[in-house]
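# Chains, contacts and geometry: an overview
Each chain, letter by letter, is given below.
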Amino acid sequence: MENIGCRLYDSRYKILPCLFVSICCLLSSCSSGSSGGGGSSSTSGNESIITGSGSVTISGVVQYEDRTFDSTGFTGTQYRAVRFADIEIVNASNSGIIASTATDGSGNYTISLSPTSASVYVRCLTSTSVRFNNGLKGYHIEVVNGGSSVYSIVSDNFSIINPGIYSRNLNASVSGGAGGPFNILDTLIDGAEFVVAKNGGFTSNKLKAFWYDGSTDGTYFTTATNTLHFLGKSTDSDSYDDTVILHEFGHWVSNNFSKDNSPGGDHTITGHYDIRLAWSEGWATFFGSSVRSHSGYSNPHYYVDTSGGSGNGNLLFSYEIKTPSFSSFATGSDNELSVASVLWNIFDGSLSVGFSGIWDVVKNYLPSAEEVSLEDFWDGWFIKGYGSSADPTSLFLARSIEYISDSYENDNSSGQAKSVTLGTSYHHTYYPSGDEDWIKFDAANGTTYNIETFNTSNGADTHIFLYSTDGTTLITSNDDRSLTDYSSLILWTATADGTYFVKSMAYSGSGAIAKYGSYDLRVSVQ
Amino acid sequence: MIMDKTRYKTQNSGLFHENSPMRLLILVFVFLISLSSKPLPPVDIIMELERQPEVPGLAIINVKVTPLIEQSDLNVQIELPEGLKLFRGVERWNGILEVNKMHTFQYQVYIPDKKIYEIKASVTLRLLTGETVKREEGLEIIPEGVKRELKKLPEKKGKDRGVIEFKGGDERKTNKK
């Protein structure tokens, strides 16, 4: 059997193992083919499934045309193996399935059956149900169109009335239209193999991805159906955008192995959002890069989105997460690029401690968090004991994520309140959880003062309280400056001379999200 | 005043009063279902047909661009398929646009016959730090009376699912022994 899968340059496929598998497949085919009779299903090792028996053996290799890319967009094409995909032998006259098997890791398949007078053809599908049902793979992936029909490539019709060995190779090309869905399948297999390697197993939940030519539905993961959806529209088909596919798979992993509280919605890489969304999106990008690193691709720390147009280039945008692109925007726990960057630098950057600690926190700690964000990842990292040998403080600070006490501590009560100069800003952090920042200032009877927090970052949701000269009698308080601005503002006119106290703390009532955060505090005369 | 954030975000309409089934439904939707979309570059583009064109005649197309970040250069371009002619509007515009403000570029395109045409527009934004990002959008002009025929893929019934079949035989490497 000619093994054209060996021509791939991808480092995952080495020549010698590939030849070995090919020889095994051929031997397996021959022995099954000569055993005759029965028609029962059997498996042969981990790499070959032979269904049925008889004196007809059909074998071949299945490949799809992949589009290679780098940070400038597409760079060319190459044929790669269609791994672990369902193979069916179909009766050409009535579409009945005569036998089924699956490809191995090099795209090879072989199947034995009894001779029949029916004309048949070979069909390879964008699904892994045979290996899943046989217990050979823990994941069940399907790539389908809008009507949940699975894609396939088929051979010509041929007769198997005579005993013998029949070779039928299959190719899914870009121009033929089937290359895209097979690329989605292969990329998701990369992702699933990564999860299996790091987690020791998968989940029985089906991993279902929707893509079809002309789809304008959007590229997203939805918790409603636990499914992935990829754009197929002419200006932005994502069928060959591997990093986009793996980003969405990262959301799926979060939903199936951990916890995700993202409110969802559109988000740009330079924007600052709800810290739950930033965590979810940053994790998803980081996870995709981790998969590509595990699979041996070059420059896995790049995210690349193309228009999907034919030919080389066609870049929409790309960015890297190690030394983040758009660096001045990649700051704070409320920016997804910043989140992806700190995770990557724990994994393979300045800390380089690998994936297992990250996975332990994500899988075993985050589900206990109330509103999952980078804050919870930070807490989990230390609670799980990783912080002592791999302290991420400096790389968090490099992205302006200040999970540290500010320089005015201890200032946790009216007795510890720091005197402030009117009109001067004081930079504070809420850290650790429940931290209170107290200040005091001298006020004059009849003067109006602005007491405010501003320059909030890292999700800070400030809540300020003004106390009388005894430090205990509450005069007034403010949570949010406005419906959309979670900083705080008190306008107050003193009714007597004296030293007054201000307490600042993270909002902790219903709907609270961040327990940490950074902000500036100022008292000024209006 | 101390307010419950969940409450004040939904209390503005009678539809959302405390015991309203609508409020409960929306809360279930908001808290249980979320769509996680892919990352976007910091520029938004919307393409709209102002009104259905007479054919032959002029189609008025609005391309609405919103830069979400300061830029050193911004390029808006419209790409017409063969057979269409730009009657009015700038095919390629260069400049700088105000951040977070929607800017509309209007084009008048001559549609010669009753065919379906897809017009594409793109916006390329160069950040002050030098990085470049791009977004593209497409718009199909479907004249009145013309039906869009969906590309029908050959589909067969599989074991427990439909199967779309593409020809995938590799004649060069397939032979019967």
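### Quick look at the overall build of chain B
Per the secondary structure count, chain B includes two helices and eleven strands. Secondary structure elements of chain B occur, N-terminal to C-terminal, as α-α-β-β-β-β-β-β-β-β-β-β-β. Carbon and sulfur atoms provide 53% of the accessible area of chain B, an area that totals close to 10,900 Å².

### Quick notes on the overall build of chain A
Within chain A, the regular secondary structure consists of nine helices and 27 strands. Looking at chain A as a whole, 60% of its 526 residues are labelled buried. Long-range pairs, those at least 24 residues apart, make up 68% of the contacts in chain A with a sequence separation of at least 6. A total accessible area of about 17,700 Å² is found for chain A, and carbon and sulfur atoms account for 48% of it.

### Overview of the packing of aromatic side chains
All names here are of chain A. All told, the structure shown has 43 aromatic pairs over all chains when counted by the stated rule. Look at Phe194 and Phe355: their rings are 4.8 Å apart centre to centre, the planes differ by 65 degrees, and that puts the pair in the edge-to-face class. Pair noted here: Phe194 is in helix H3 (residues 179-199) and Phe355 is in the loop between helix H6 (336-347) and helix H7 (356-365), with a separation of 161 residues, a long-range link. Just as Phe194 is buried, Phe355 falls in that class too. Both rings, one in Trp283 and one in Phe286, keep their centres 5.9 Å apart while their planes meet at 55 degrees; by these two values the pair is tilted. Within this pair, Trp283 and its partner Phe286 are both found in helix H5 (residues 275-294), separated by three residues, close to a single helical turn. Given a relative accessible area of 0%, Trp283 falls into the buried group. Look at Phe286 and you get buried, because its relative accessible area is 0%.

### Description of the confidence of the model for chain B
All names here are of chain B. When the pLDDT values of chain B are averaged, the result is 81; 76% of them are 70 or greater. Scored below 50 in pLDDT, residues 6-19 shows 21 contacts in the model against residues more than four places distant or in partner chains. pLDDT under 50 marks residues 27-31. Its contacts with residues more than four places away, or in other chains, come to two contacts.

### Examining the packing of helix H4 (residues 242-257) of chain A against H5 of chain A
Residues and elements named next belong to chain A. Taken N-terminus to C-terminus, the directions of H4 and H5 make an angle of 115 degrees; their axes are 7 Å apart at the nearest point. For the pair H4 and H5, the sense of crossing is right-handed. Between H4 and H5, the contacting residues are Asp242, Thr243, Leu246, His247, Phe249, Gly250, His251, Val253 and Ser254 on the first element and Ser280, Glu281, Trp283, Ala284, Thr285, Phe287, Gly288, Val291 and Arg292 on the second. Along the lines of polarity and charge, the residues of the contact of H4 with H5 split into seven nonpolar, eight polar and three charged.

### Observations concerning the sheet that holds strand S24 (residues 474-478) of chain A
Residue and element names in this part refer to chain A. Ordered in space as S19-S21-S26-S23-S24, the five strands form an open sheet in which the pairing is mixed. Each end of this open sheet is capped by a strand with a single partner; those strands are strand S19 (418-419) and S24. Pairing between strand S21 (residues 436-443) and strand S26 (residues 498-506): eight bridges, direction antiparallel. Each bridged residue has a counterpart across the sheet, and for Ala443 the counterpart in S26 is Gly498.

### Observations concerning the interface of chain B and chain A
With 55 residues of chain B at the contact, the number on the chain A side is 85 residues. Where chain B abuts chain A, roughly 5,600 Å² becomes buried across the two surfaces, and 49% of that area is made up of carbon and sulfur atoms. The partner of Lys38 of chain B in a salt bridge is Asp305 of chain A, with the nearest N and O atoms 2.9 Å apart. Scanning the region where chain B abuts chain A turns up 31 residue pairs in polar contact (both at pLDDT 80 or more). Secondary structure elements with two or more residues in the side of chain B that touches chain A: helix H1 (5-8), strand S1 (35-37), strand S8 (117-127), strand S9 (132-141), strand S10 (155-157) and strand S11 (162-167) of chain B.

Scoring rules and cut-offs
- Residues numbered from 1 in each chain as written.
- Chains lettered and ligands numbered in written order.
- Predicted model: local features only at pLDDT ≥ 70, side-chain atom pairs only at ≥ 80, totals over all residues.
- Heavy atoms only, no water.
- Helix = DSSP H or I, 4+ residues; strand = E, 2+ residues; numbered from the N terminus.
- Areas by Shrake-Rupley, 256 points an atom, 1.4 Å probe, with all protein chains shown as cover.
- Buried < 20%, exposed > 50% of the residue type's maximum accessible area, 1.4 Å probe, protein only.
- Contact = heavy atoms within 4.5 Å.
- Phe/Tyr/Trp six-rings, centres within 6.5 Å; stacked < 30°, edge-to-face > 60°.
- pLDDT = per-residue confidence, 0-100.
- Axes fitted to C-alpha atoms, helices over the stretch in contact; angles between N-to-C directions.
- Left-handed = near helix turned anticlockwise from the far one by under 90°.
- Nonpolar A, V, L, I, M, F, W, Y, C, P; charged D, E, K, R; others polar.
- Pairing = 2+ DSSP bridges.
- Buried area = accessible area lost by both parts, 1.4 Å probe.
- Salt bridge = Lys/Arg side-chain N within 4 Å of Asp/Glu carboxyl O.
- Polar contact = N/O pair within 3.5 Å; in protein donor to acceptor, adjacent residues only side chain to side chain.

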